[in-house]
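Architecture at a glance
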Amino acid sequence: MSFYLAIVGTKDNAVYDLEFGTYRQGGDGRPKFSADMKQLCPFIVHSSLDIVEEMQWNTNVMHLKVIDKFYNYLISSYMTAGNIKFLLLHETRADDVIRQFFVDLYDLYVKTLMSPFYSVDQPITSAVFDQRVKMLAKKYL
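The text that follows walks through the structure, step by step, so that each part is easy to find.

Reading guide: rules and limits
Residues numbered from 1 in each chain as written. Predicted model: local features only at pLDDT ≥ 70, side-chain atom pairs only at ≥ 80, totals over all residues. Heavy atoms only, no water. Phe/Tyr/Trp six-rings, centres within 6.5 Å; stacked < 30°, edge-to-face > 60°. Buried < 20%, exposed > 50% of the residue type's maximum accessible area, 1.4 Å probe, protein only. Helix = DSSP H or I, 4+ residues; strand = E, 2+ residues; numbered from the N terminus. Contact = heavy atoms within 4.5 Å. Pairing = 2+ DSSP bridges.

The tally for this structure, following the rule as stated, stands at 12 aromatic pairs. Between the aromatic rings of Phe-70 and Tyr-71, the centroid separation amounts to 4.7 Å while the plane-to-plane angle is 75 degrees, which identifies the pairing as edge-to-face. Look at Phe-70 and you get partly exposed, because its relative accessible area is 27%. Following the ring pairs from residue to residue traces out a cluster consisting of Phe-3, Phe-20, Tyr-78, Phe-86, Phe-101, Phe-102, Tyr-106, Tyr-109 and Tyr-118.

In structure tokens form, the structure reads like this:
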């Protein structure tokens, strides 16, 4: 099973993205997307931003669950208090696990945001952040 994570800023700019696979059921953590799907992942995720922006005004929860579907892939979303969007492209429905992944990712993002060397909407290039996101993915997905 493969996943594509995107963190999108307040100006709909890409802040962070990561492709990874599952560690469950004997997985090795490597994404199994086809070559065509690898190119489509950012497009699919960013095309669902309109749905996220519509839903954000109709609800007061941060975890919007599954917001869109593309063939066999689902897109889950999480809105932060600062209007940063976490989007996850995945194959199977696991709302509770994905919600917990997003909550821990939000905690990690807030810690990154508290750094004086980082500002909102700036791309995250930290190797430590990348490593911790991969650890969260291993833990939950």
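Next comes the rest of the description.
Our focus in this paragraph is the environment of Asp-130. For Asp-130, the position within the fold is in helix α4 (residues 127-140). As a C-alpha pair, Asp-130 and Leu-49 span 81 residues in sequence and 23 Å in three-dimensional space. Beyond its immediate stretch of four places on either side in the chain, Asp-130 contacts Tyr-16 and Leu-18.

With that out of the way, let us pick up the pairing of strand β4 (residues 73-79). The buried fraction of β4 amounts to seven of the seven residues, a majority that puts the element mostly inside the structure. Sheet topology places strand β3 (residues 63-70) next to β4; six bridges connect them, and they run antiparallel. Directly across from Asp-68, in β4, lies its bridge partner Ile-75. Linking two consecutive strands that pair antiparallel, namely β3 and β4, is a turn of two residues; a positive phi of about 50 degrees is found at Tyr-71 within it. Two strands pair when backbone bridges link them, and β4 and strand β5 (residues 85-90) are joined in this way by six bridges, in the antiparallel orientation.

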